[in-house]
Structure formats: structure tokens, C-alpha cells
Amino acid sequence: MCTAPRLQYQDRHLNNPPSAHSATRATGQNLLLLALTYFCYFGYFGVTVPFLGVFLDGRGFTSVQIGELIAVITFVRILGPNLWAIIADKSGQTLRVMQAGCLITLLSYLLLFKVQDFWGISLAFGLVMMFWTAIAPQMETITLNAVEGDAKRYSNIRLWGSVGFIVASIVAGIFVDHSGSESILLLNTVILTGLFVMSLLIRDGKSTLVSEQVTRSIWQAALHPAFVIFIVASVLLQLSFAPYYGFFALYMRDMGYDAQQIGWLVSLGVAAEVIIFLLAGKLINRMGVKYTLIFCLLITGLRWWALALFADQPVILLLSQCIHAFSFGLAHAAAMQFIHHHFGENQKSRGQAIYVSVSFGLGGSLGSYLAGHLWQQGTGAGLTFFIAAAASVFGALLLGLVKSADMRRSTAPG
């Protein structure tokens, strides 16, 4: 006998629906809180991305050790996101998983005030990253549900993450110049505290009705040829970013820039992100996800090539930083659209987790390890960025193999 799917959770508003006015106001407040959550989340990256290498260098680590430590930290992203996403999708407690991740990340980060040696710092950062990976997939899922998958509305919220990154980078540069590289620990503690507070205030407005019947398994979606090629290209993109994330600040410092100037340079790239997020929906609609990603990968290759050859020329350096709008901002928006529409309703957190763990985890850790060994205290900088450029271009060529029809349904709505 055929029976209807059993519903595991009930929407708390079914018996007492709110008025249209109060519901609209609550939705607006929640979107604002989500924007502030992105502000804090990427504010942490605004401190860590430019100045982690400087911080580790200040602790006396070599470029090989820095590369290996960042690789160890990043490797955790392979395991963590999938664990948390399974818990979130199976339990329906997406928001609770995110809140727990925010709290334990903060507590783990406090260990860095005590540990000094390589393995102690690796363990502390490993714990931070393990629980940090509980945040992003859930935050993206909650936000995309709140905006009903609309690329324009999503971008308007996500751009506040870029604003947070800019503000934090500039403030961190001032801190490092005046108080030394250790000061980033205090700044990040404040940011992580703010992130936890925001996570307690936001609401997951999506109805929690969950069906046990699934139209296709998570593995059918994950092993679809279009998704496999997308993931490989994403791995290559993140591999290409590793020298930038790990050594850009040291690269610029070797060229005579101080910490505040480095903070402004990194912020310029993220400021360009803000502009592109305002246009991302229209661009994705016009170009489609496939060709948007191909363009982003190709221009990212140009960016690393320019850094390898012309980083000593201020105009070229500034232009290469502006390309960050495409190499991260537009690429991220397109990837989010593809994942959101490729996976089923009760697979979205796991779809996000697969993307984060494989592309950022595998690609980032492998790239960091290679960059650390190629960098050679700065003497191998040019070669490292050349290899990064080649990886990005190769990813674009792979995406060219995907049939447009296989990604067409992931065109941004609206």
C-alpha cells in the first residue's frame, strides 16, 4: 500500500500564522541579522587571510613550516563540513549546528594565546577549523532559503561579508603596525564573539517539514558528471589561491610595503567584490553558470601571471587586486547558484559541505603544501604564482567539457 511520506518536523507557525505585516518585519530583521553574520564571518578572514603568514613568521616559522601548517589547517576542511552537514540535514537542526560551530570555534581559538610550538599551534588551528566548518554550509543554506534562491537578494546579503573583510583587514593592518603580529589574536577573538552573538539572534525561517522520501540520493547528485567536473575545477581554483592566502602579505612586505598598505591592498580586492555582488545576479543570468565560471577561472589565471611578473609595478598590482571581484566574488556567487539548484531540499547542507570540503579542503591544503615548498623564503615566488596561473586556466578548460544543458537549470533566478 502506498503511503504518504512521514513528516519528521512541524512548522511552528502552522496553527498560528503571523500577520503579513509582522511576518514582513520579522523577515527584514532576519535578513539584516544574516548580513551582520556574514560581516563577522568574513571579518575573521579579513584578519587571518592577509596576516596569518605574518603572524606565523613572527613566531619564527620558515616558509616550509608555514605552508605545512596552513596545509594541516586546511586539510581539516575535507572532513569537517561533511560531518556537520550530515547532522544538519538528518536532524533538521541547521541553525543549531551553526550556533554550536560558532561557540566551539571561539573557545578553540583562545588556545592560541597559550600555545607556541608548531604542533601546539597546528592543533589549536585544527580545532578552530574543524568547528569553523560547521558554520559556512549552514549559513549559506539558511540564507539561500531565506531569499528563496534569488541570486540578487543573496548577493545583497553576501556583500556585507565583503564589507566585513575590508574593515577587518584595514583595522588588522593598523594593529599589526602599532602592536605587532600577536595583536591579531585579540582582534579575532572580538570578531568570533560577535559571530556567536549573531548566530543566537538569527532565525531559520524555512519550514522544517522534511520528507523521508528523496527523489535521488546525495551520491547520484554528487557523482553527476557536471558536478564532478565542477568540483575538480573548484579544486584547481582553490589550489591556485594558496600562494595568495599564505604568502601574499610576506611577498608585499619583501617589496617594501608596510602592514597597513598590505591591508589596503587586500581590501581593494574585496571592495571590488562588493560591486560584483551587486551585479552577480544579472551576470549569471546573462552568461549562465558554466560560462561565468570559465571566465572567472581564466581571468584568475591572468591575475596570478601578473603577480608573478609585475608585482613591483603599482598599477599592475592594483589591477590584479581588482580581479578578485571575479576570481572570488563572481565565482562564489555562481558556485552557490549551481549547488543550490543541483541538490534536493534535504541535501543542500551536504551539497554545500561537499563543495567546501573538496574544493577548499583538498584544493587548499594541497596548494598550501606545494606553495610552502616552492616559496623558498620568497625566492620561488614567481614560479609559485606561475603554477597557480596554470592550475586556474586548466580548471577553465575542464569546465569547457561540461554540456551547457547540464548546468542550465542552475541559471540564477530573477
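For the structure itself, consult the block above.
Read on for an overview of the structure. (Residues numbered from 1 in each chain as written. Predicted model: local features only at pLDDT ≥ 70, side-chain atom pairs only at ≥ 80, totals over all residues. Heavy atoms only, no water.)

Some words on helix H2 (residues 63-91)
Put simply, the rule is: A run of H or I in DSSP becomes a helix once it reaches four residues, and a run of E becomes a strand once it reaches two; helices and strands are each numbered from the N terminus. By this rule the span expected of a helix is its residue count minus one, scaled by 1.5 Å. At every residue, the bend is computed as the angle between two fitted axes, covering the seven residues ending there and the seven beginning there respectively.
Here H2 is 29 residues long and its end C-alpha atoms lie 43 Å apart, about the 42 Å a rise of 1.5 Å per residue gives. Remark: the principal bend of H2, roughly 30°, maps to Leu 79, with a proline, Pro 81, within the next four residues. Positive backbone phi, approximately 75°, marks Gly 92, located one or two places after H2.

Looking at the pattern of salt bridges
To be explicit about the condition: Here, a salt bridge means any side-chain nitrogen of Lys or Arg that lies within 4 Å of a carboxyl oxygen of Asp or Glu.
Per the stated rule, a full pass over the model turns up two salt bridges. The salt bridge partner of Arg 253 is Asp 57, with a shortest N-O separation of 3.1 Å. Residue Arg 253 is found in helix H9 (residues 225-254), and its partner Asp 57 is found in helix H1 (residues 20-58); the two are separated by 196 residues along the sequence. Salt-bridge contacts for Arg 59 lead to Glu 182; the nearest nitrogen and oxygen are separated by 2.6 Å. Highlighted residues: Arg 59 in the loop between H1 and H2 and Glu 182 in the loop between helix H6 (151-179) and helix H7 (183-201), separated in sequence by 123 residues.

What to know about the state of the cysteines
For clarity, the cut-off: The definition used for a disulfide is geometric: two cysteine sulfur atoms within 2.5 Å.
Enumeration over the complete set of coordinates arrives at zero disulfides. Unpaired in this structure, Cys 40 has its nearest cysteine sulfur neighbour in Cys 102, at a distance of 9.2 Å.

What to know about the nonpolar core
For soluble globular proteins, the rule of thumb is that nonpolar side chains tend to be buried together. Rules: Here, nonpolar core refers to any group of buried Ala, Val, Leu, Ile, Met, Phe, Trp, Tyr and Cys residues whose side-chain atoms link them within 4.5 Å. Note on classification: 1.4 Å probe, protein chains only; a residue is buried when its accessible area is under 20% of the maximum for its type, exposed when over 50%, partly exposed between these limits. In what follows, residue pairs with any heavy atoms lying within 4.5 Å of each other are defined as contacts.
With 123 residues, the main nonpolar core has Tyr 41, Leu 56, Phe 125, Trp 132, Phe 227, Phe 230 and Tyr 355 as its most contacted residues. Per-element tally for this core: the top contributor is helix H10 (residues 259-310), with 19 residues. Once residues within four sequence positions are removed from consideration, Leu 56 is found in contact with Phe 61, Ile 66, Leu 69, Ile 70 and Ile 121. In this structure, Ala 88, Val 97, Phe 131 and Ala 134 belong to the second largest nonpolar core, which totals five residues.

A word on the packing of H9 against helix H12 (residues 324-342)
To be explicit about the condition: Where helices are involved, their axes are fitted lines through C-alpha atoms of the stretch in contact, as for all axes, and angles between N-to-C directions lie from 0 to 180°. Here the word oblique covers every angle except those under 35 degrees (roughly parallel), over 145 (roughly antiparallel) and from 65 to 115 (roughly perpendicular). Here is the rule for handedness: rotate from the far helix to the near one, and if that takes an anticlockwise turn smaller than a right angle the crossing is left-handed, while a clockwise turn gives right-handed. When residues are grouped by polarity, Ala, Val, Leu, Ile, Met, Phe, Trp, Tyr, Cys and Pro land in nonpolar, Asp, Glu, Lys and Arg in charged, and all others, Gly among them, in polar.
The contact between H9 and H12 brings their axes to 12 Å, and the two run at 150°. When the axis of H9 is compared with that of H12, the two are roughly antiparallel. For the pair H9 and H12, the sense of crossing is left-handed. Contacts between H9 and H12 involve Ala 226, Phe 227, Phe 230, Leu 237, Phe 241, Tyr 244 and Tyr 245 on the former and, on the latter, His 324, Ser 327, Phe 328, Ala 331, Ala 335, Phe 338, Ile 339 and His 342. Looking at the contact of H9 with H12 residue by residue, the class counts come to twelve nonpolar, three polar and no charged.

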